[in-house]
Amino acid sequence: MRRQDQAAADRVDASEVAKFEAMADEWWDPHGTFRPLHQLQPCRLDYVADQIAAEFGRDRRASRPFDGLRLLDIGCGGGLVSEPMARLGASVTGIDPGDGNIPVARLHAERSGLDIDYRVATAEALVAAQESFDVVLALEVVEHAPDPGAFIAACGALLRPGGLLLVSTINRNPKAWALAIFAAERVLRWLPQGTHDYAKLVTPEELRGHVEAAGLDMADRRGIVFDPLRRTWRLHATDLSVNYITTSTKPLA
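These figures come from a predicted structure and were not determined experimentally. (Residues numbered from 1 in each chain as written. Predicted model: local features only at pLDDT ≥ 70, side-chain atom pairs only at ≥ 80, totals over all residues. Heavy atoms only, no water.)

Chemist: Describe the side chain of Thr246, naming the residues involved and giving the relevant values.
Modeler: Structurally, Thr246 is set in strand β8 (residues 243-249). Here Thr246 is in contact with Tyr47, Leu165, Leu166, Val167, Leu207, Met218, Asp220 and Arg221, once residues within four sequence places are set aside. (Helix = DSSP H or I, 4+ residues; strand = E, 2+ residues; numbered from the N terminus. Contact = heavy atoms within 4.5 Å.)

Chemist: Now, about the sheet that holds strand β7 (residues 232-236): what can you tell me, with residues and values included?
Modeler: If you walk across this open sheet you meet the eight strands as β3-β2-β1-β4-β5-β8-β6-β7, and the pairing is mixed. The sheet terminates laterally at β3 (117-120) and β7, the two strands that pair on one side only. Strand-to-strand twist of the sheet, defined as the mean angle between neighbouring strand axes without regard to direction, takes the value 20°. In this structure, strand β2 (residues 91-96) lies alongside β3, joined through four bridges in parallel fashion. Note that in β3 the partner of Thr93 across the bridge is Asp117. Together, β1 (70-74), β4 (133-139), β5 (159-170), β6 (217-227), β7 and β8 form the strand contacts of helix α3 (residues 35-56), whose direction differs from that of β5 by roughly 155°. Running over the sheet, helix α9 (residues 204-213) touches β5, β6 and β8 and is turned about 150° from β6. (Pairing = 2+ DSSP bridges. Axes fitted to C-alpha atoms, helices over the stretch in contact; angles between N-to-C directions.)

Chemist: Give me the packing of helix α7 (residues 148-157) against α9: which residues, what numbers.
Modeler: Close contact between α7 and α9 brings their axes to 8 Å; oriented N to C, the two are set at 45°. One way to sum up the angle between α7 and α9 is to call them oblique. α9 is crossed by α7, and the crossing has right-handed handedness. For the pair α7 and α9, contact is made by Pro148, Gly149 and Ile152 and by Leu207, His210 and Val211, respectively. (Parallel < 35°, antiparallel > 145°, perpendicular 65-115°, else oblique. Left-handed = near helix turned anticlockwise from the far one by under 90°.)

Chemist: An account of unusual backbone geometry is needed here, citing residue identities and associated values.
Modeler: Backbone geometry at Gln130 places phi at a positive 60°, although glycine is not the residue there. Within the element layout of this structure, Gln130 appears in the loop between α6 (123-128) and β4. Residue classification places Gln130 among the exposed residues on the basis of a relative accessible area of 72%. (Buried < 20%, exposed > 50% of the residue type's maximum accessible area, 1.4 Å probe, protein only.)

What follows is the structure, encoded as structure tokens:
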């Protein structure tokens, strides 16, 4: 293994990868292990699409508004985000360090008639290959990275000047532990117990620090709040206490 490949591998937590590989066959079951992601999907995708359209001057009403944009979906899993982005016209590369997830994603994309470049790879490996993208998505990923700062730095290095980085994750505080870990994993059983490690969660202030250290500007951040009566998720302008999503830009050269 080349030195840079070994360094990238060292920044991937094997235990985190194994968790999601074990659930690979369930990615597209809306009532299975990944039900929370399916429920979160409409809210999250609307935000992502709105931010991309606004930054690049695209009309979301067009049939393929993101034509000509190269997009990277880090931690793509079974392709829940990669596929909608491809349908909107983006040229999508989906990467995941779990080689059990990528075959699931490839098969589903093929059955859906979508051309998506899925790879077993890490962000650091793509940096070493000098690849670049207009948009980088890291949705529910940074809290599984052993070194969040290094991970965000790699995301920034993959962005072209003027590009967008979108990151969603979970805050670290008692409320987030109670709702996102204790309730979601141990009481409601929305996720397998142990999916999230409280110590690895990232606060909005820490994430902003990593973003700025990577030479990016955080342009927007919103909370993602669960409505238990409607059983839906919605964006919130100020409540970042549990789930939240951010948009950062890479300055033009």
